Amino acid sequence: MDLSLSESELGFANEARRWLSANLGDVPRFADLAEEIEWGRHWQARMAADRWVGIYWPRAYGGRGASPVQVALFNMEYARAGAPQPVNRVGINLAGPTLLAHGTEAQKRRWLPSILDASEIWCQLFSEPDAGSDLASLRTRAEPATDAEGNPGWLLTGQKVWTSYATFARWGICLARTDPDAPRHKGISVLIIDMKAEGVTSRPLPEMNDRSHVDFNEVFFDEVVVPRDHLVGELNQGWAISTGSLAHERGMMWLSNAATLEQQIDAIRELARE
């Protein structure tokens, strides 16, 4: 079995290396998280303009249709260039693929472009105080309701925790119980939540050193109105949808983290030499 890279794969890696060298420049030191997020938005927008974000997405939706080998090669070049992780990685690796697999065409056209260029940051609203690794025990509920104009939808009530980027996010991909009488793994749906909607409260959780971290936020929903067209996939099929989404996210994280760890090991070696 020949495991060597093909000429086209080597050419792809060289193209990525040249682009990063020409566009990245020096990554500044940031005074605070807000400054880092703002810089990250501009950087991701520049990448998206040349289709270097979500490269495994179909070309019709802004990607390159890249193969797994190309994704791995790009992540290696990205890490070796010293580039920071994309600021909208929850959107790229979780929300976007979920919409691609289960969203309507209108949902794809509405949200995918702003995921790629980071004009709208996304967060993941899965874990709860009493439902971390056991998502089937989640208690956040979405009850059928109508909005002020009489349009059908849901009222969302509950709490999420450990939500990355919640205080900066415009949208969140949420698991909520839409049929409380169904078995644990049934009656769960995937909803897109407007993080600026009335009734949504996001609050950073401080670390032991009194600093807030991007990965530590809690989110509260107090009868938040969710439009009916924010349902992703079939009603009450959220468990199956989220299982596929998380499997995809883990695969993308492995490819990315492997390259990032290589970069960190090199930095440790350099520190040891110094």
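Our subject in this report is the structure included herewith. Each chain carries its own residue numbering, running from 1 in the written order of its sequence. Under the rules for a predicted model, residues below a pLDDT of 70 receive no local features and side-chain atom pairs below 80 are neither given nor counted, while totals for whole chains, interfaces and linings still include all residues. Neither water nor hydrogens contribute to the side-chain values; these are computed over all heavy atoms in the structure.

## Some words on the environment of Arg-177
Rules: Where helices and strands are cited, they refer to DSSP runs of H or I of at least four residues and of E of at least two residues respectively, numbered from the N terminus. Each residue's exposure class comes from its accessible area (1.4 Å probe, protein chains only) as a fraction of the maximum for that residue type: buried when under 20%, exposed when over 50%, partly exposed otherwise. It only takes one pair of heavy atoms within 4.5 Å for two residues to be counted as in contact. Polar contact is defined as a pair of N or O atoms within 3.5 Å, subject to the rule that within protein one atom must be able to donate a hydrogen and the other to accept it, and that residues adjacent in sequence are counted only when both atoms are side-chain atoms.
With respect to the element layout, Arg-177 can be found in strand 4 (residues 171-177). A relative accessible area of 13% means that Arg-177 is categorised as buried. Expressed as a C-alpha distance, the spacing of Arg-177 and Arg-109, which sit 68 residues apart in the sequence, is 27 Å. Every residue in contact with Arg-177, bar those within four places of it in the chain, is listed here: Ala-136, Ser-137, Leu-138, Thr-140, Arg-141, Ala-142, Pro-183, Arg-184, Lys-186, Gly-187 and Ile-188. At 2.7 Å, the side chain of Arg-177 forms a polar contact with the backbone oxygen of Ala-136. Within the structure, the side chain of Arg-177 is placed 3.3 Å from the backbone oxygen of Arg-184, a separation counted as a polar contact.

## A closer look at the pattern of salt bridges
In plain terms, the rule: When a carboxyl oxygen of Asp or Glu lies within 4 Å of a side-chain nitrogen of Lys or Arg, that pair is called a salt bridge.
Applying the stated criterion across every chain, the model contains eleven salt bridges. One salt bridge connects Glu-120 with Arg-110, and the closest N-O pair in it is separated by 3.1 Å. With Glu-120 in the loop between helix 5 (105-116) and strand 1 (122-125) and Arg-110 in helix 5, this pair connects stretches of sequence that are ten residues apart. We classify Glu-120 as buried; its relative accessible area is 13%.

## Some remarks on helix 2 (residues 33-49)
Side chains of residues three or four places apart in an α-helix project in the same direction, reflecting 3.6 residues per turn. We apply this condition: Expected span of a helix: the number of residues minus one, times 1.5 Å. Taking the helix axis as origin, the arc is that swept by the directions to the C-beta atoms.
With 17 residues, helix 2 should reach 24 Å at 1.5 Å per residue; the first-to-last C-alpha distance of 24 Å fits that figure. Where helix 2 is concerned, the buried positions are Ile-37, Gly-40, Trp-43, Gln-44, Met-47 and Ala-48. End-on view of helix 2: buried residues confined to an arc of 135 degrees, all on one side of the axis. Residues His-42 and Ala-49 are exposed on helix 2 and point more than 90 degrees away from its buried face. A distance of 3.3 Å separates the backbone nitrogen of Ala-34 from a side-chain oxygen at the start of helix 2, and that oxygen is part of Asp-32.

## Focus: the side chain of Asn-217
Mapped onto the fold, Asn-217 is located in strand 7 (residues 212-227). By relative accessible area, Asn-217 is classed as buried at 2%. A distance of 2.9 Å separates a polar side-chain atom of Asn-217 from the backbone oxygen of Thr-163.

## Concerning the packing of helix 4 (residues 89-102) against helix 5
For clarity, the cut-off: To get an axis, a line is fitted to the C-alpha atoms, and for a helix only the part in contact is used. The angle between two axes follows their N-to-C directions and goes from 0 to 180 degrees. An angle counts as roughly parallel when it lies under 35 degrees, as roughly antiparallel when it exceeds 145, as roughly perpendicular when it falls between 65 and 115, and as oblique in every other case. By convention, the crossing between two helices is left-handed when the near helix turns anticlockwise from the far helix through less than a right angle, and right-handed when the turn is clockwise. Residues are grouped as follows: Ala, Val, Leu, Ile, Met, Phe, Trp, Tyr, Cys and Pro are nonpolar; Asp, Glu, Lys and Arg are charged; every other residue, Gly included, is polar.
Helix 5 packs onto helix 4 with a crossing angle of 165 degrees between their chain directions and a minimal axis gap of 10 Å. The angle between the axes of helix 4 and helix 5 places the two elements in the roughly antiparallel class. Remark: the crossing between helix 4 and helix 5 carries left-handed chirality. Residues Gly-91, Ile-92, Ala-95, Gly-96, Leu-99 and Leu-100 of helix 4 form the contact with helix 5, whose participating residues are Gln-107, Lys-108, Trp-111, Leu-112 and Ile-115. Class assignment for the residues of the contact of helix 4 with helix 5 results in seven nonpolar, three polar and one charged.

## Observations concerning the packing of aromatic side chains
Short version of the rule: Stacked, edge-to-face and tilted labels apply to pairs of Phe, Tyr and Trp rings (six-membered ring for Trp) whose centres lie within 6.5 Å, assigned for plane angles under 30 degrees, over 60, and everything in between, in that order. Whether a charge sits over a ring comes down to the Lys NZ or Arg CZ being within 6 Å of the ring centre and within 35 degrees of the ring normal.
Inspection of the entire model under this criterion finds ten aromatic pairs. Residues Trp-111 and Trp-122 carry aromatic rings whose centres are separated by 6.0 Å and whose planes lie at 90 degrees to one another, so their mutual orientation is edge-to-face. Remark: Trp-122 occurs in strand 1 and Trp-111 occurs in helix 5; sequence separation between them is eleven residues. The class of Trp-111 is buried, set by a relative accessible area of 3%. In this structure Trp-122 comes out as buried when scored by relative accessible area, which is 0%. Ring geometry for Trp-111 and Trp-171: centres 5.4 Å apart, planes at 70 degrees, overall edge-to-face. Of this pair, Trp-111 sits in helix 5 while Trp-171 sits in strand 4, and the two are 60 residues apart along the sequence. The class for Trp-171 is buried, based on a relative accessible area of 5%. One aromatic cluster is present, built from ring pairs that chain together Phe-12, Trp-19, Phe-30, Trp-39, Trp-43, Trp-52, Phe-74 and Tyr-78. One residue, Arg-64, lies across the ring of Trp-52, its end atom 3.7 Å from the ring centre. Here the guanidinium or amino end of Arg-170 rests over the ring plane of Trp-171, the centre of that ring lying 4.5 Å away.

## Thoughts on helix 5
Spanning twelve residues, helix 5 covers 17 Å between terminal C-alpha atoms, matching the ideal 16 Å at 1.5 Å per step. Every buried residue of helix 5 is listed here: Gln-107, Lys-108, Trp-111, Leu-112, Ser-114, Ile-115 and Leu-116. One or two positions beyond helix 5, positive phi appears at Ala-118, with a value near 65 degrees.

## Observations regarding unusual backbone geometry
Residue Ala-118 is not a glycine yet carries a positive backbone phi of 65 degrees. Looking at where Ala-118 falls in the secondary structure, it is placed in the loop between helix 5 and strand 1. Taking the relative accessible area as the measure of exposure, Ala-118 reaches 1% and is therefore buried. Positive phi, close to 50 degrees, is recorded for Glu-223, a residue that is not glycine. Here Glu-223 is to be found in strand 7.

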